[in-house]
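Summary of structural features
Residue strings, one per chain:
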Amino acid sequence: MRILLQLFCLLILVGCKSDVNAEANEQTELDSTLLAKNINLPDTEVELLPEARKHAVQWVNYITAQNEINNLKSANLSQIIGNAKPISQIMQSLKSTVPDTLQSKAVDARLNVLATKAQVLEQLAARRNKNLEQISETAQDIPVEFNNFKLQLNELFLKSLEDFERELDELDQEQDSISRATRRIKDSV
């Protein structure tokens, strides 16, 4: 009887172990598929206004960050995990080297968010048990935050409401002077 009980326990253990192995193999296959898959990035990219572009192209760290964002578009999750530390370093150096012409609280805030997202990606990628879904979501957030940063750069060079009103007043004055000149010409003829 005792032998039968031991044999029964042994069969249960072997059966449970094979279930665990099957689940582990299934998870490994799923992870391999996810690692080879490219992440979904936004199709739209913010273009810098000419004045903002003029300042940005002289900023080496901006160009490096833009290239890294472009590389993310064609990278799979495995490559992103491998490049997480350089991405974090690039975004950190971008944050610390803002030219005086582009300094503002809003730009600094966007750079803080961007650098933080990159650091989160680095931490997620460095974990022993990687959560691929979280890594993918964070990697998708980085280009979005970079676009938000570029929007903020553009806003630095947008005209204020007062500038628009001044231009409208000048345009009205110009139209009035043209109208008066046209009336004088008609009156003299």
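Conventions adopted
- Residues numbered from 1 in each chain as written.
- Predicted model: local features only at pLDDT ≥ 70, side-chain atom pairs only at ≥ 80, totals over all residues.
- Heavy atoms only, no water.
- Salt bridge = Lys/Arg side-chain N within 4 Å of Asp/Glu carboxyl O.
- Helix = DSSP H or I, 4+ residues; strand = E, 2+ residues; numbered from the N terminus.
- Buried < 20%, exposed > 50% of the residue type's maximum accessible area, 1.4 Å probe, protein only.
- Core = buried A, V, L, I, M, F, W, Y, C linked by side-chain atoms within 4.5 Å.
- Contact = heavy atoms within 4.5 Å.
- Axes fitted to C-alpha atoms, helices over the stretch in contact; angles between N-to-C directions.
- Parallel < 35°, antiparallel > 145°, perpendicular 65-115°, else oblique.
- Left-handed = near helix turned anticlockwise from the far one by under 90°.
- Nonpolar A, V, L, I, M, F, W, Y, C, P; charged D, E, K, R; others polar.
- pLDDT = per-residue confidence, 0-100.

Now for the pattern of salt bridges. The final tally for this structure, using the stated rule, is five salt bridges. Of the charged contacts in the structure, one is a salt bridge between Glu45 and Lys150, with a shortest N-O distance of 3.1 Å. With a gap of 105 residues between them, Glu45 in the loop between α1 (2-36) and α2 (50-56) and Lys150 in helix α7 (residues 132-156) connect regions that are remote in the sequence. A relative accessible area of 31% places Glu45 in the partly exposed class. The class of Lys150 is buried, set by a relative accessible area of 2%. Linking Lys117 and Asp141 is a salt bridge whose minimum nitrogen-to-oxygen distance equals 3.1 Å.

The topology assignment puts Thr138 in helix α7. For Thr138, a relative accessible area of 9% gives the class buried.

Membership of the largest hydrophobic core comes to 36 residues, with the highest contact counts inside it found for Tyr62, Met91, Leu94, Ile142 and Phe149. If we ignore the near neighbours within four places in the chain, the residues touching Ile142 are Ile69, Leu72, Ile87, Met91, Leu114, Lys117, Ala118 and Leu121.

Contact pair helix α5 (residues 84-96) / helix α6 (residues 105-126): the axes reach a minimum separation of 8 Å and the direction vectors enclose 160°. For the element pair α5 / α6, the angle class is roughly antiparallel. The element α5 and its partner α6 pack so that their crossing is left-handed. Counted together, Ala84, Lys85, Ile87, Ser88, Met91, Gln92, Leu94 and Lys95 of α5 and Leu111, Asn112, Leu114, Ala115, Ala118, Gln119, Leu121, Glu122 and Ala125 of α6 form the full contact between these two elements. For the contact of α5 with α6, a count of residues per class yields 10 nonpolar, four polar and three charged.

Moving on, we come to the confidence of the model for the protein. Chain-level pLDDT for the protein is 81 on average; 75% of the residues reach the 70-or-more range. Every residue in residues 18-30 is under pLDDT 50, and counting partners more than four places away or in other chains gives zero contacts.

One can describe the packing of α6 onto α7 by two numbers: an axis separation of 9 Å at closest approach and a directional angle of 165°. In this view, α6 runs roughly antiparallel relative to α7, as classed from their interaxial angle. Two packed elements cross with a definite hand, and for α6 against α7 that hand is left-handed. Here the residues of the contact of α6 with α7 sort into 17 nonpolar, four polar and four charged.

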